[in-house]
Amino acid sequence: MTKHSTPTKFRKKPQNISGPLTSPITGLALFATMAIALLYWSPQVSRGVAQGLELCAVTVIPSLFPFLVFSLFLAISPGA
């Protein structure tokens with residue numbers, strides 16, 4: 001058996017991604033801006049987080065629980 005590989009003239013050269021949005025300083029500035037925005041709008045943020053957690057606890061987890069249990073039993077069964 002021979003191992004096939006792509007000829008070197010057809011291989012893509014890796015590209016170095018760079019630019020103003022990939023700088024660590026840009027990421028830090030974006031993080032700081034978002035943190036300040038969360039502190040500024042904290043009542044709305046806390047209300048939104050509470051509504052999201054309530055939705056997850058009331059709707060998402062109960063609807064997915066039977067599938068999680070079934071897939072667990074299926075994964076640990078001897079035929080798996």
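Residues numbered from 1 in each chain as written. Predicted model: local features only at pLDDT ≥ 70, side-chain atom pairs only at ≥ 80, totals over all residues. Heavy atoms only, no water.

A.B. asks: It is not clear to me how the overall build of the protein should be interpreted in this structure. Could you clarify?
C.D. replies: If you tally the helices and strands in the protein, you get two helices and zero strands. Of the accessible surface of the protein, which amounts to about 8000 Å², a share of 72% is contributed by carbon and sulfur atoms. (Helix = DSSP H or I, 4+ residues; strand = E, 2+ residues; numbered from the N terminus. Areas by Shrake-Rupley, 256 points an atom, 1.4 Å probe, with all protein chains shown as cover.)

A.B. asks: What is the right way to look at the packing of aromatic side chains in this model?
C.D. replies: Two measures describe an aromatic ring pair: the distance that separates the ring centres and the angle between the ring planes. A complete count under the given rule lists one aromatic pair for this structure. On the numbers, 4.9 Å between centres and 85 degrees between planes, the contact of Y40 with W41 is edge-to-face. You can call Y40 exposed: its relative accessible area is 63%. (Phe/Tyr/Trp six-rings, centres within 6.5 Å; stacked < 30°, edge-to-face > 60°. Buried < 20%, exposed > 50% of the residue type's maximum accessible area, 1.4 Å probe, protein only.)

A.B. asks: Quick question: what am I supposed to make of a nonpolar patch on the surface here?
C.D. replies: Together, L55, V60, I61, L64, F67 and L68 make up a nonpolar patch on the protein surface, roughly 610 Å² of accessible area in all. Locating F67 in the fold gives a position in helix 2 (residues 42-76). (Patch = residues over 30% accessible without salt bridge, like charges linked within 9 Å, V, L, I, M, F, W, Y side chains within 5 Å. Salt bridge = Lys/Arg side-chain N within 4 Å of Asp/Glu carboxyl O.)

A.B. asks: Help me understand helix 2, please; the structure alone is not making it clear to me.
C.D. replies: Residues separated by three or four positions in an α-helix point in the same direction, a consequence of the helix having 3.6 residues per turn. Here helix 2 spans only 44 Å end to end across 35 residues, well under the 51 Å set by a 1.5 Å rise per residue. Taking the largest bend as the criterion, helix 2 deviates by roughly 40 degrees, centred on I61, and proline P62 comes between one and four positions later. (Expected span 1.5 Å × (residues − 1). Bend = angle between axes of the 7 residues up to and from the residue.)

From the geometry alone we can't say anything about function, so treat these as descriptive.
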